[in-house]
Amino acid sequence: NVLPGQGRYHNPVLKDSQNWEDGQKGGKVYPGFSADVIMEESLKWLEGRDPHKPFMIMTHFKATHEPFDYPDRYKELFKNDTFPEPVSLLEFNPAQSDRKFEGQILEILAERWRKASNNNNSVYPDLPFDTSGMDSVQIRKKTYQKLVRDFLRSAAAIDDNIGKMLDYLDEKGLSENTVVIYTADQGYLLGEHGMFDKRMFLEESARMPFVIRYPPEVPSGD
């Protein structure tokens with residue numbers, strides 16, 4: 001099962017060998033939030049496997065890709081929190097980080113949110129986004145807070161679904177004999193150097209999450 005293109009967060013379409021059509025055609029709609037749907041299908045696959053053979057499964061989530069959406073159960077998460085700002089958040093001059101061009105600065109994201117607000121676009125969560133009367137520093141700070149809040153809400157859906165996978169392995173007595181690897185395709189800028197996204201080879205975007213659980217060989221916490 002794969003998501004066509006970037007896929008969608010709510011009621012995703014998944015395509016398999018039986019209903020495949022190129023482009024945005026084909027596939028089947030699965031009701032629910034994408035991370036929940038993908039884990040549910042992963043657990044179904046695990047339950048239906050031949051228990052006498054080794055297995056490998058790769059579970060890929062759409063989250064936390066832009067537009068950083070999240071399930072309704074997390075719409076209040078961090079609602080009243082203010083997140084610490086990176087020291088380079090107010091880096092407005094590209095030369096400060098030795099780069100030659102602006103990159104994906106937070107103002108690009110702010111403009112997308114404003115346009116989506118004016119067009120009643122439902123792709124981005126937690127709109128409208130209004131920066132009327134704000135100066136450049138205030139706009140950047142407000143954009144940063146929304147980005148991190150949306151991002152962490154989206155990531156929370158990954159966290160609880162990974163928990164479902166680990167619980168399943170525990171319940172089936174498979175934890176001691178299963179290697180679990182959590183990783184991603186890149187790091188991400190969350191306000192560092194005044195940017196978001198990953199298309200800039202700076203330290204933050206070069207760092208990838210990489211966690212292994214295999215109790216017989218990898219001590220917990222190492």
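Located above this text is the structure these notes cover.
Reading the values: rules and limits
- In this convention, every chain numbers its residues from 1, walking through the sequence in written order.
- Local features in this predicted model are restricted to residues of pLDDT 70 or higher, and side-chain atom pairs are both shown and tallied only at a pLDDT of 80 or more, whereas totals for entire chains, interfaces and linings draw on every residue.
- Processing note: side-chain calculations cover all non-hydrogen atoms of the structure and skip hydrogens and water entirely.
- Only the contacting stretch of a helix is used when fitting its axis, a line to C-alpha atoms as for every element, and angles between N-to-C directions run 0 to 180 degrees.
- Note on conventions: DSSP H or I runs of at least 4 residues are helices, E runs of at least 2 residues are strands, and numbering of each starts at the N terminus.
- When an angle is under 35 degrees it counts as roughly parallel; over 145 it counts as roughly antiparallel; between 65 and 115 it counts as roughly perpendicular; any other value is oblique.
- Only heavy atoms enter the contact rule, under which two residues are in contact if any of them lie within 4.5 Å.
- Nonpolar residues are Ala, Val, Leu, Ile, Met, Phe, Trp, Tyr, Cys and Pro. Charged residues are Asp, Glu, Lys and Arg, and all others, Gly as well, are polar.
- A helix's residues, less one, multiplied by 1.5 Å, set its expected span.
- The term polar contact refers here to a pair of N or O atoms within 3.5 Å; inside protein, the definition further demands a hydrogen-donor-capable atom paired with an acceptor-capable atom, and it admits residues adjacent in sequence only when both atoms are side-chain atoms.
- Only residues whose relative accessible area exceeds 30% and that form no salt bridge enter a patch; like-charged residues are grouped when within 9 Å of one another, and nonpolar side chains (Val, Leu, Ile, Met, Phe, Trp, Tyr) when within 5 Å.
- Only the protein chains shown count as cover for residues, and all accessible areas are computed by the Shrake-Rupley method using a 1.4 Å probe.
- Salt bridge, as used here: a side-chain nitrogen of Lys or Arg that lies within 4 Å of a carboxyl oxygen of Asp or Glu.

**Section: the packing of helix 2 (residues 106-118) against helix 3 (residues 136-171)**
Between helix 2 and helix 3, whose axes approach to 9 Å, the crossing angle comes to 75°. In terms of axis orientation, helix 2 runs roughly perpendicular to helix 3. Of the residues in helix 3, those touching helix 2 at L106, E107, L109, A110, W113 and R114 are S136, I139, R140, T143, Y144, K146, L147 and D150. Of the residues assigned to the contact of helix 2 with helix 3, the class counts are 7 nonpolar, 2 polar and 5 charged.

**What about helix 3?**
Along its 36 residues, helix 3 runs 53 Å from first to last C-alpha, staying within 8% of the 52 Å computed at 1.5 Å per residue. Residue D135 occupies the N-cap position of helix 3, its side-chain oxygen lying 3.2 Å from the main-chain nitrogen of V137. At the C-terminal side of helix 3, G173 shows a positive phi close to 70°.

**Quick word on a nonpolar patch on the surface**
A contiguous nonpolar surface patch, about 390 Å² in accessible area, is contributed by V179, I181, F210 and I212. Checked against the element boundaries, F210 lands in strand 6 (residues 210-213).

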